[in-house]
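# Results of the structural survey
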Amino acid sequence: MSCRRGALIVLEGVDRAGKTTQCQKLVQALQQSGRAAEIMRFPDRTTKIGQLISSYLEKKSNLEDHTVHLLFSANRWEMVPLMKQKLEQGINLVVDRYAFSGVAFTSAKPGFSLEWCMNPDVGLPKPDLVMFLQLNPNMAANRGEYGIERYETSAFQRTVHQRFEELMQDSSVNWKVIDAARTIEEVHKDIKHLSEEIIRLVENQPVGKLWR
Ligand code: ADP
Ligand code: 2DT
């Protein structure tokens, strides 16, 4: 291969586990050590599909549950050409939520199986590493009140957490559980170490396909 590819690194976890804080710190740290790195987040609310999702999350509009699930997935698929391009250029992508949030949140609704929820995301670029920021609900509660968006209730979040636990049983995905109850710096140190390791490991390997 002529050029080393970037790694696709995903952070997942329940609300207020520290995903956004840690994505920003990781990108900064990678850049400071001379590596190209960019942040991405899903949903990406800037696209037309993202705007439909944003309006739904803000409870300004209602969408049927299957429909909104497929929109979240479409919002990832529409970014795939750009993601592939950046990875090929050697840019490491640090992603705040991905298909795992998609499955965990929809399957927390009554009548949705994990399998049905996973299907639309089968074949997406497969993350080289998925770090799950583990934080118990009491600790999360100490980090501030829930917001007013859809899904921001403790009962729903508990079910989402159970779904994440089920998804983490899948050994085809490179899951790492991170204890997110520690200080921001302690959590960052682990995340940076695991990320640097995976960046070196995959630089000459092709990007995989998720759940295929
Ligand atoms: P998420 O993106 O998972 O919802 P954020 O990164 O937005 O979480 O963090 C939620 C809140 O908790 C923010 O106010 C942030 O400053 C704070 N926070 C993040 N990580 C920690 C930590 N390790 N210890 C204490 N507070 C934290
Ligand atoms: P934030 O923008 O605060 O992360 O909240 N969600 C996210 C889904 O239901 N399906 C998905 O595919 C994704 C990526 C999680 C976004 C909210 O949307 C939920 C919280």
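About the thresholds
Counting starts from 1 at the beginning of each chain's written sequence and moves along it residue by residue. Labels follow written order: the first chain is A, the first ligand is 1, and so on. In keeping with the predicted nature of the model, local features appear solely for residues at pLDDT of at least 70, side-chain atom pairs appear and are counted solely at 80 or more, and the whole-chain, interface and lining totals rest on all residues. Derived side-chain values reflect all non-hydrogen atoms in the structure, with water molecules and hydrogen atoms excluded from consideration. Counting from the N terminus, the helices are the DSSP runs of H or I reaching at least four residues and the strands are the DSSP runs of E reaching at least two. Relative accessibility decides the category of a residue: with a 1.4 Å probe and only protein chains considered, values under 20% of the type maximum give buried, values over 50% give exposed, and everything between is partly exposed. Contact between two residues is taken to exist if any of their heavy atoms lie within 4.5 Å; hydrogens are not considered. If even one non-hydrogen atom of a residue comes within 4 Å of a molecule or strand, that residue is called near it. Between N or O atoms, a polar contact is any pair within 3.5 Å; within protein, one atom must be a potential hydrogen donor and the other a potential acceptor, and residues adjacent in sequence are included only when both atoms are from side chains. Methods summary: accessible areas were calculated by the Shrake-Rupley approach with a probe of 1.4 Å, and residue burial reflects only the protein chains presented. Should DSSP find at least two bridges between two strands, the strands are regarded as paired. All axes here are fitted lines through C-alpha atoms, helices being fitted over the stretch that makes contact, and every angle between N-to-C directions spans 0 to 180 degrees. We call a set of buried Ala, Val, Leu, Ile, Met, Phe, Trp, Tyr and Cys residues a nonpolar core when their side-chain atoms join them within 4.5 Å. Residues are grouped as follows: Ala, Val, Leu, Ile, Met, Phe, Trp, Tyr, Cys and Pro are nonpolar; Asp, Glu, Lys and Arg are charged; all remaining types, including Gly, are polar. UniProt positions are given in the numbering used here, feature names are shortened, and annotations may be inferred rather than shown by experiment.

What follows covers the environment of Met 168. Position of Met 168 among the secondary structure elements: in the loop between helix H8 (154-167) and strand E5 (175-179). With relative accessibility at 14%, the residue Met 168 sits in the buried group. Met 168 sits 68 residues away from Phe 100 along the chain, and the two C-alpha atoms are 9.3 Å apart. With residues near it in sequence (within four places) discarded, Met 168 still touches Phe 132, Trp 175 and Val 177.

Taken together, Arg 41, Phe 42, Pro 43, Arg 45, Leu 57, Phe 72, Arg 76, Arg 97, Ser 101, Gly 102, Phe 105 and Tyr 151 are the residues near ligand 2. Between an oxygen atom of ligand 2 and a side-chain N or O atom of Arg 76, the distance comes to 2.8 Å. Between Arg 97 and ligand 2, the recorded distance is 2.7 Å, taken from a side-chain N or O atom to an oxygen atom. Calculation on ligand 2 without its partners gives an accessible area of 470 Å², and the protein chains cover 90% of this total.

Moving on, we get to the sheet that holds strand E3 (residues 92-96). One open sheet holds the 5 strands; their spatial order is E2-E3-E1-E4-E5, and the pairing between them is parallel. Looking at the sheet topology across the chains shown, the edges are occupied by strand E2 (37-41) and E5. Mean inter-strand twist for the sheet, computed between neighbouring axes without regard to direction, equals 25°. Two elements, strand E1 (residues 8-13) and E3, share 4 bridges in a ladder whose sense is parallel. Residue pairing for E3: Val 10 is matched across the bridge by Val 95. Across the face of the sheet, helix H4 (residues 80-88) comes into contact with E1, E2 and E3 while running at roughly 140° to E3.

Take the nonpolar core next. Counting 40 residues, the largest nonpolar core has Tyr 98, Phe 100 and Trp 211 as its most contacted members. Element by element, the count of residues in this core is highest for helix H5 (residues 99-106), at 5 residues. When residues no more than four places from it in sequence are discounted, the contact partners of Phe 100 are Val 10, Glu 12, Pro 127, Val 130, Phe 164, Leu 167, Val 173, Trp 175, Leu 210 and Trp 211. One finds Leu 11, Leu 26, Val 27 and Leu 30 within the second-largest nonpolar core, a separate group that totals 24 residues.

Attention shifts here to the side chain of Asn 75. Tracing the backbone through its elements, the reader meets Asn 75 in helix H3 (residues 65-77). A distance of 2.9 Å separates a polar atom in the side chain of Asn 75 from a polar atom in the side chain of Glu 78. The residues contacting Asn 75, other than those within four sequence positions of it, are Phe 42, Pro 43, Asp 44, Thr 47, Ile 49, Gly 50 and Ile 53.

Close to ligand 1 lie Val 14, Asp 15, Arg 16, Ala 17, Gly 18, Lys 19, Thr 20, Thr 21, Arg 143, Arg 182, Thr 183 and Ile 184. Burial of ligand 1 by the protein amounts to 66% of the accessible area it has alone, namely 560 Å². At 3 residues, the largest contribution of residues to the shell around ligand 1 is made by helix H1 (residues 19-32). Within the shell around ligand 1, the residues separate by chemical class into 3 nonpolar, 4 polar and 5 charged.

Moving on: the UniProt feature "domain: Thymidylate kinase-like" (unreviewed entry) in the protein chain. The UniProt feature table records "domain: Thymidylate kinase-like" (unreviewed entry) at residues 11-191. The span residues 11-191 is 48% helix and 13% strand, and its two end C-alpha atoms sit 9 Å from each other.

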